[in-house]
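Here are the chains, one letter per residue:
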Amino acid sequence: DVKVTQSSRYLVKRTGEKVFLECVQDMDHENMFWYRQDPGLGLRLIYFSYDVKMKEKGDIPEGYSVSREKKERFSLILESASTNQTSMYLCASNRVVGNTIYFGEGSWLTVV
Amino acid sequence: SQQGEEDPQALSIQEGENATMNCSYKTSINNLQWYRQNSGRGLVHLILIRSNEREKHSGRLRVTLDTSKKSSSLLITASRAADTASYFCATDAWGAQKLVFGQGTRLTINP
């Protein structure tokens, strides 16, 4: 079975903290994505990556950065967490752009 | 920018009835996909329809695509309580390098 694993299911962080959300896929996929999901706003793309050490901004990159040092791992970094970054974060991957995307179970982040 | 827009935003029907959800988009696409999300979980792929296809079936799911109207519909026949979830369409626009998701339809099946 294909698998995208997000390391933390629930996190509570303080304002100003640096936050790392980790994602690992075991399907040897080239493409990996980070989405944010908020009620009434659907899924919004934060960053994506087509290859190791490569990254592209999505629709809402402000306040976020990413790292892809290995093909299977894509990390989302909140340099200084703020309360408006409280949300559900979804990692995903696929082999070919535009094809089926496989999602992780999501990470619920609360910033207090 | 949102590419796909689902309609209705919420739908509540009785078990056994059919559920129809619609998706409209703005630009030419390579393909359109439908995903399902159970409450608090990740999204799961249901079906992909390419721009040169008009209809596709998978079990109790039927998807249609009308590229002239830039719209798609997802029909779930003989609904079950377990079909309760949010359903999202996602489009892969020509020239884009990403899928763009709509805001979803929240489907509730009442037993």
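It should be noted that the structure appears before, not after, this text.
Residues numbered from 1 in each chain as written. Chains lettered and ligands numbered in written order. Predicted model: local features only at pLDDT ≥ 70, side-chain atom pairs only at ≥ 80, totals over all residues. Heavy atoms only, no water.

Caption draft 1: Molecular detail of the overall build of chain A. For chain A, the count of helices and strands is zero helices and twelve strands. Computed over the C-alpha atoms, the radius of gyration of chain A is 13 Å, within 12% of the 13 Å expected from 2.2 N^0.38 for a compact globule of 112 residues. With respect to the three principal axes, the spread of C-alpha positions in chain A is 35 × 25 × 25 Å. Relative to its 112 residues, chain A shows a buried fraction of 50%. Residue pairs in contact within chain A that sit at least 24 positions apart in sequence constitute 55% of those at least 6 positions apart. Total accessible area on chain A is roughly 5,300 Å²; 50% of this is exposed by carbon and sulfur atoms. (Helix = DSSP H or I, 4+ residues; strand = E, 2+ residues; numbered from the N terminus. Rg over C-alpha atoms; globule rule 2.2 N^0.38 Å. Buried < 20%, exposed > 50% of the residue type's maximum accessible area, 1.4 Å probe, protein only. Contact = heavy atoms within 4.5 Å. Areas by Shrake-Rupley, 256 points an atom, 1.4 Å probe, with all protein chains shown as cover.)

Caption draft 2: Focus on the pairing of strand E5 (residues 43-50) of chain B. All names here are of chain B. Direction of pairing for strand E4 (residues 29-37) relative to E5: antiparallel, over a ladder of seven bridges. Bridging across to E5, Leu 32 finds its partner in Ile 49. Hairpin connection between E4 and E5: a loop of five residues separates the two successive antiparallel strands, and Gly 40 in this loop has a positive phi of roughly 75°. (Pairing = 2+ DSSP bridges.)

Caption draft 3: Fine view of unusual backbone geometry. Residues and elements named next belong to chain B. Look at the link from Asp 7 to Pro 8: it is a cis peptide, with omega at 0°. Residue placement: Pro 8 occurs in the loop between strand E1 (5-7) and strand E2 (10-14). Positive phi, close to 55°, is recorded for Lys 70, a residue that is not glycine. In this structure, Lys 70 sits in the loop between strand E7 (61-66) and strand E8 (71-76). Look at Lys 70 and you get partly exposed, because its relative accessible area is 28%. Its identity is not glycine, yet Ala 78 carries a phi of approximately 45°, on the positive side.

Caption draft 4: Molecular detail of the interface of chain B and chain A. Each partner contributes to the interface: chain B provides 22 residues, whereas chain A provides 22 residues. Glu105(A) serves as the salt-bridge partner of Arg41(B), at 2.3 Å between the closest nitrogen and oxygen. Linking chain B with chain A are seven residue pairs in polar contact (both at pLDDT 80 or more). Residue assignment for the side of chain B that touches chain A shows that the elements contributing at least two residues are E4, E5, strand E9 (85-93) and strand E10 (99-101) of chain B. Per-class residue counts for the side of chain B that touches chain A are seven nonpolar, eleven polar and four charged. (Salt bridge = Lys/Arg side-chain N within 4 Å of Asp/Glu carboxyl O. Polar contact = N/O pair within 3.5 Å; in protein donor to acceptor, adjacent residues only side chain to side chain. Nonpolar A, V, L, I, M, F, W, Y, C, P; charged D, E, K, R; others polar.)

Caption draft 5: Fine view of the sheet that holds strand E3 (residues 19-24) of chain B. All names here are of chain B. Strands sit in the order E1-E3-E8-E7-E6 across an open sheet of five strands; the sheet is antiparallel. In this open sheet, the two edge strands, each paired with only one partner strand, are E1 and strand E6 (55-58). Averaged over neighbouring strand pairs, the angle between their axes works out to 20° when direction is ignored. With four bridges connecting them, E6 and E7 associate as antiparallel partners. In the strand pairing of E7, Ser 58 is matched with Leu 61. (Axes fitted to C-alpha atoms, helices over the stretch in contact; angles between N-to-C directions.)

Caption draft 6: Region of interest: the pattern of salt bridges. Residues and elements named next belong to chain A. In this structure the tally under the stated criterion is eleven salt bridges over all chains. In this structure, Arg 44 and Asp 38 form a salt bridge, with 2.8 Å as the shortest nitrogen-oxygen distance. Glu 69 is the salt-bridge partner of Lys 53, the closest N and O atoms lying 2.5 Å from each other. On the criterion of sequence distance, the pair formed by Lys 53 in the loop between strand E6 (42-49) and strand E7 (56-57) and Glu 69 in strand E8 (residues 65-70) is long-range, its members being 16 residues apart. Exposure class is identical for Lys 53 and Glu 69. Each is exposed.

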